[in-house]
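# Analysis of the macromolecular model
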Amino acid sequence: MQFVDKALARRLESAEEMPQVEYARVFQKTRPEIAAAVEEICGGHMVFAGLGSPIGRATGAGLDRPFTAEDLQRVEHFYAAHRAPSQVDLCPMHGPEVFELFKERGYAIAELNNVLFRQLDVGDRFPPAPAGCEVRRSPIEEAQITGAIVESAFFPDGAPEAFQGLITPLYQMKQALAFAATVDGKLVACGTGLVIPEHRILALCGAGTLAEFRGRGLQTALLRARLAAAVDAGCEYAVVVTQGGTTSQRNVERLGFRVAYSKVTVIKTLESQTS
């Protein structure tokens, strides 16, 4: 069993860090009006991807070097400049002095998630898709369809504006993986991911299945397809970040993933930053 130390945690955190970085870079080209921005900070990155966006916080900082009060000041200045709340991801490998620093600055917990990972090996073999289902790579022409499937899976009554259209930019990322599952020729499920070569990590991202096609093993088949592609890309680990007790966690645990640690996203409102 792999021991999770600071060095491995730094790599695992890239599964949330680098997709955000890539989203911001795509938005800089395709949506200049939102003024997306990326800056390195203490070994990680801080990202702004639009006001109200679920994408955009500081991740990966302070795991391969000390995180100081000066670093936190930089984070707060970065987000204040974009009129956004300051948000930072912290995991158990950050020392108590780091948590104390955020406590002193008045941060609160915004999210609590589990980080799960699975080691990959060139000898890994994955079963084929269930009978009656085809799993294949999804071209960018299908991005609107797959995006709608993901949105319907998370928001059956309609996705809030900030959560709409988030799959299409992923198709534009160089190292992205996008797979679709079809039944009788109809696209009914999808799963995406991002290969992070510098850390040899596959970050598992948005996935969804149309309600009437759930329970057929389609997401398991899509997970296996992405894992196989990650092995071919030279990845050592696959990583997914999700809330505890979810279907997503159960699905990946059945394929050998285990919890590395739980992490928090801490937040400080703009008003608190400028007071």
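Below is a short write-up of the structure. The structure presented is a predicted model; accordingly, all values stated were derived computationally and were not measured.

## Some points on the pairing of strand 2 (residues 44-48)
For strand 2, the buried fraction is high: five of the five residues fall into the buried class. Of the two faces of strand 2, both are covered, the one formed by Gly 44, Met 46 and Phe 48 as well as the one formed by His 45 and Val 47. The pairing of strand 1 (residues 37-41) with strand 2 spans five bridges and is classified as antiparallel. Residue pairing for strand 2: Val 38 is matched across the bridge by Val 47. Counted between consecutive antiparallel strands, the loop separating strand 1 from strand 2 contains two residues, among which Cys 42 sits at a positive phi close to 50°. The pairing of strand 2 with strand 3 (residues 58-59) spans two bridges and is antiparallel. Residue pairing across strands places Met 46 opposite Ala 58, the latter belonging to strand 3.

## Regarding the nonpolar core
Of all hydrophobic cores here, the largest spans 37 residues; its most connected members are Leu 120, Val 188, Leu 202, Leu 227 and Phe 257. Counting only elements with at least two residues in this core, the list comes to helix 4 (143-154), strand 7 (176-183), strand 8 (186-196), strand 9 (201-209), helix 6 (218-232) and strand 10 (237-242). In terms of residue count, the dominant contributor to this core is helix 6 (eight residues). The next biggest cluster of nonpolar side chains, apart from the first, holds 33 residues, and it includes Ala 9, Ile 55, Val 115 and Phe 117.

## With respect to the pattern of salt bridges
Across all of its chains, the model carries 16 salt bridges by this definition. For Lys 263, the salt bridge goes to Glu 13, with nearest N and O atoms at 2.8 Å. Taken as a pair, Lys 263 in strand 11 (residues 258-268) and Glu 13 in helix 1 (residues 6-30) lie far apart in primary sequence, 250 residues in all. The same class applies to Lys 263 as to Glu 13, namely buried. Across the pair Glu 16 and Lys 263 runs a salt bridge, and its minimum N-O distance is 2.9 Å. Note that Glu 16 is positioned in helix 1 and Lys 263 in strand 11, a separation of 247 residues in sequence. The burial state of Glu 16 is the same as that of Lys 263; both residues are buried. Several salt bridges share partner residues, and in doing so they unite Glu 13, Glu 16, Arg 57, Asp 89 and Lys 263 into one network.

How each quantity is defined
Residues numbered from 1 in each chain as written. Predicted model: local features only at pLDDT ≥ 70, side-chain atom pairs only at ≥ 80, totals over all residues. Heavy atoms only, no water. Buried < 20%, exposed > 50% of the residue type's maximum accessible area, 1.4 Å probe, protein only. Helix = DSSP H or I, 4+ residues; strand = E, 2+ residues; numbered from the N terminus. Pairing = 2+ DSSP bridges. Core = buried A, V, L, I, M, F, W, Y, C linked by side-chain atoms within 4.5 Å. Salt bridge = Lys/Arg side-chain N within 4 Å of Asp/Glu carboxyl O.

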